[in-house]
Protein chains: 2
Amino acid sequence: MKLKIKRELLLENLNKVSKAISTKNLIPTLAGIKFDLTKEGLTLTASNNDITIQKFIKIEEDNMSVEKEGIIIIQGKEILDIVRIIKEEEINIEVIDELKVLIYTDDEKIKYDLNVINKNEYPNVNLEKSDNYVVISSEQLLNIVKETAFATSTDESRPVLTGINFKINGDILECSATDSYRLAKKEIRLTKPVEEIYNIIIPGKNIIEFSRIIDGEEEIKLHIFNNKILLEENDLLFQSRLISGNYPNTSKLIPEDSILKITGNLSQLYNVIEQASILTTDKEKNIVSLSTNGNLLIVKSVSNEKGKAEMKMNIEKNNNEDITIAFSAKYMMEALNALNTENIEMSFVGEVKPITLKNTEEDGLIQLVVPIRTY
Amino acid sequence: MKLKIKRELLLENLNKVSKAISTKNLIPTLAGIKFDLTKEGLTLTASNNDITIQKFIKIEEDNMSVEKEGIIIIQGKEILDIVRIIKEEEINIEVIDELKVLIYTDDEKIKYDLNVINKNEYPNVNLEKSDNYVVISSEQLLNIVKETAFATSTDESRPVLTGINFKINGDILECSATDSYRLAKKEIRLTKPVEEIYNIIIPGKNIIEFSRIIDGEEEIKLHIFNNKILLEENDLLFQSRLISGNYPNTSKLIPEDSILKITGNLSQLYNVIEQASILTTDKEKNIVSLSTNGNLLIVKSVSNEKGKAEMKMNIEKNNNEDITIAFSAKYMMEALNALNTENIEMSFVGEVKPITLKNTEEDGLIQLVVPIRTY
């Protein structure tokens, strides 16, 4: 293999695939990035037991020149460090023998002579595509991640809750995330209906990782298999395992009626909850109480040690009922954050029933926060 | 005590004094900030066993209004969090009784009712000034910190090396820092000679803290006592303990002659050392070797596991000698960083003797790096 390539182009793509480098180093080979050079271009692949990322860089005028095709596995951290620290515009990568690769600049004032990983030890990565893929836009994918992923659980004792549930039926994609204390649910209409019915769980941290490396201006193809999913954006392939198990039926958690609905300015509501919460601690679940008194909303917190906080703001109500309810300020703020709108609607069924939050202008997204009993 | 004050003014000054809040909380009182309000203004004080910071905010038109004088100790973290999170321009602070303070906005939509610390439990902070203070400019102090503090030791087993040695004699201030692997030495000429001779050790982390909170446009007064120093910039007082013990005589460490001097571009030298060092590890002291070959400087590193790096640049020499010497890339880069100039001069006495680095345009600063034997 012998190649001259624009440094920034290589760096940008190494940064993407390197997200799949295993840092645990249980299998040293998985700390490597595979360079596969052909007359068509350079394919970079990195894989750990959880995800595989592959990026194809097509030869275009001036972006690289291939002198000799070939395959090599280079330590991911080292090649990234090197390509990052060189300031020159182009770098040369040249395989000397099966165990050595030279990385150097044209003037040879910078020269690295790296030991490589035996390519026979590298796992056979099978990135299978499906003919019946599902299509969503990058924007839709980014919204799903932003609006639901935060509500996944980090507790590995219930693995299904660490993922986002994707249910696809006809032209409806329904994404749910819950850690059993709150629920985020987003419904999307697909432009191209799907024949099969899908009900899968994608690991939350994997889809977050994918959302960080996409260009964000293209459509995304979802190739769904029994125990894995391949996400495709242009020349970027991202494969993740799926979480097996049954995802809880979240539809029945969402209250159908309410005793009171209030509407108010989202950022003002966020502020009063944040301001009330600063005397609370994470250890005590950052509990604040919310109560209505006519058109006044009062958010309070009490700490025996530190003191009391009390914030007020104006709201509108759909009837004359009043409510007092307590919840985790942290969870409520994350739910508000995900709604990303000017005004929101909060529905109450009672002081021990979930609080429903909705954007007043869009129906596709629901956030649910479970109250905390304080007595 | 009753006070209305501009929020940003209070925040700015709380941020400064809060650097002395004890986070360890061994003595709960030391987590507090003392508010002392008189008709002249507000004095904020925070103190732990190591440093005391005091800031006086003078009443000026429109910056605050005092309704009732008084003293109160408020939890430092809480008052900082509150003043940070309130968005209004002015806030009110009102003591209700000996144990409660109200913090609120004019419209009372934001209200905190905080438990306070008993003022009788607060230590008696004695910030003594001396008539024979030493004067340096803020710029000189910032330079001392930037150019020497990094070379102090973090190893508490030899406490004197965790400080910066200040030796003052007549109009000469000599500052040294060493962890025994490198030495940074800065000499400054004082505008006002001093009668007494001083030889003190100021804890490195304390003077760094002070350098971060000064305005940087004023002169600094150093009030030096037997076991403490009071640093004064306008209305800011910063007291630190001094480290007791004898500081090593660093003058005799600096080689007087050399077998070879090289001069070269500092940032280029920094780059080649950094580029060579990326295959090395902190654990192995980031060893790189430097050798000259005519007017070529070659910096190399070798890692059995990863491979080899070799960088080249052009330099000038004062004679035809050549040298090969090895050192910690990290220490050399920190020394280069502190020199902050275009061209530097490196002097060698031999491959096991300290390397001297100097700015080619200024004589006051010397950096020494001890080589590492690699055989």
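Definitions and limits used
- Residues numbered from 1 in each chain as written.
- Chains lettered and ligands numbered in written order.
- Predicted model: local features only at pLDDT ≥ 70, side-chain atom pairs only at ≥ 80, totals over all residues.
- Heavy atoms only, no water.
- Contact = heavy atoms within 4.5 Å.
- Buried area = accessible area lost by both parts, 1.4 Å probe.
- Salt bridge = Lys/Arg side-chain N within 4 Å of Asp/Glu carboxyl O.
- Helix = DSSP H or I, 4+ residues; strand = E, 2+ residues; numbered from the N terminus.
- 1 Å grid on protein atoms, 1.4 Å probe; cavity = no way out; pocket = protein on both sides within 12 Å on 5 of 7 lines; lining within 4 Å.
- Points joined across faces, edges and corners; volume = space filled by probe spheres on them.
- Nonpolar A, V, L, I, M, F, W, Y, C, P; charged D, E, K, R; others polar.
- Pairing = 2+ DSSP bridges.
- Axes fitted to C-alpha atoms, helices over the stretch in contact; angles between N-to-C directions.
- Domains from an automatic or database assignment.
- Buried < 20%, exposed > 50% of the residue type's maximum accessible area, 1.4 Å probe, protein only.

*Asks:* Can you explain the interface of chain A and chain B? Please cite residues and give values.
*Replies:* Each partner contributes residues to the interface: chain A has 30 residues there, and chain B has 30 residues. Between chain A and chain B, roughly 2,700 Å² of surface is buried when both sides are summed, and carbon and sulfur atoms account for 51% of that area. When the area that chain A buries against chain B is broken down by residue, the three leading residues are A:Ile85, A:Lys109 and A:Ile278, summing to 22%. Counting every contact that joins chain A to chain B gives four salt bridges. At the level of elements, α2 (76-85), β9 (110-115), α5 (266-277) and β19 (307-314) of chain A are the ones that each hand at least two residues to the side of chain A that touches chain B.

*Asks:* An account of the layout of surface pockets is requested, with residue identities and associated values reported.
*Replies:* Gaps between atoms show up when a probe of the same size as a water molecule is rolled over them. The computed volume of the largest pocket comes to approximately 630 Å³. In terms of lining residues, the largest pocket is bounded by 25 residues, among which A:Thr281, A:Ser303, A:Glu305, A:Lys306 and B:Glu78 are the most central. The set of elements that each furnish at least two residues to the lining of the largest pocket consists of β17 (287-293) and β18 (296-303) of chain A together with α2 (76-85) of chain B. When residues in the lining of the largest pocket are grouped by element, the largest group, four residues, is from β18(A). Of the residues assigned to the lining of the largest pocket, the class counts are six nonpolar, twelve polar and seven charged.

*Asks:* So what's going on with the sheet that holds strand β22 (residues 343-348) of chain B? Which residues, and what values?
*Replies:* Residue and element names in this part refer to chain B. One open sheet holds the seven strands; their spatial order is β11-β12-β24-β23-β22-β16-β20, and the pairing between them is antiparallel. The two strands at the open ends of the sheet, each matched to only one other strand, are β11 (163-178) and β20 (316-317). Relative to strand β12 (residues 182-203), helix α3 (residues 138-148) is tilted by about 155°, and along the sheet it contacts β11, β12 and β24 (365-369). In the packing of helix α4 (residues 204-213) onto the sheet, contacts are made with β11 and β12, and the angle to β12 comes to roughly 65°.

*Asks:* Run through the domain arrangement of chain A, naming residues and quoting values.
*Replies:* Residues and elements named next belong to chain A. Domain annotation of chain A identifies domain 1 (2-121), domain 2 (134-251) and domain 3 (254-369). Distance from the C-alpha centre of domain 2 to the C-alpha centre of domain 3: 28 Å. Taken together, the 13 residues of domain 2 in the interface contact 14 residues of domain 3. Of the roughly 1,200 Å² buried where domain 2 meets domain 3, counting both sides, 48% is carbon and sulfur surface. At the surface where domain 2 touches domain 3, the tally comes to one salt bridge. Those elements that place two or more of their residues in the side of domain 2 that touches domain 3 are α3 (138-148) and β12 (182-203). Counting residues per element, the side of domain 2 that touches domain 3 draws most heavily on β12, at six residues. The residue makeup of the side of domain 2 that touches domain 3, split by class, is four nonpolar, two polar and seven charged.

*Asks:* Give a description of the pattern of salt bridges that names residues and reports values.
*Replies:* One pass over the structure, following the stated rule, counts 48 salt bridges over all chains. When the shortest N-O distance is used, the salt bridge between A:Glu128 and A:Lys228 registers 3.5 Å. On the criterion of sequence distance, the pair formed by A:Glu128 in the loop between β9 and β10 (134-137) and A:Lys228 in strand β14 (residues 228-233) is long-range, its members being 100 residues apart. The class for A:Glu128 is partly exposed, based on a relative accessible area of 34%. With a relative accessible area of 17%, A:Lys228 lands in the buried category. Between B:Lys6 and B:Glu89 there is a salt bridge, and its shortest N-O distance comes to 3.8 Å. Note that B:Lys6 is positioned in strand β1 (residues 2-6) and B:Glu89 in the loop between α2 and β7 (90-97), a separation of 83 residues in sequence. Relative accessible area serves as the criterion here: at 57%, B:Glu89 is assigned to the exposed category.

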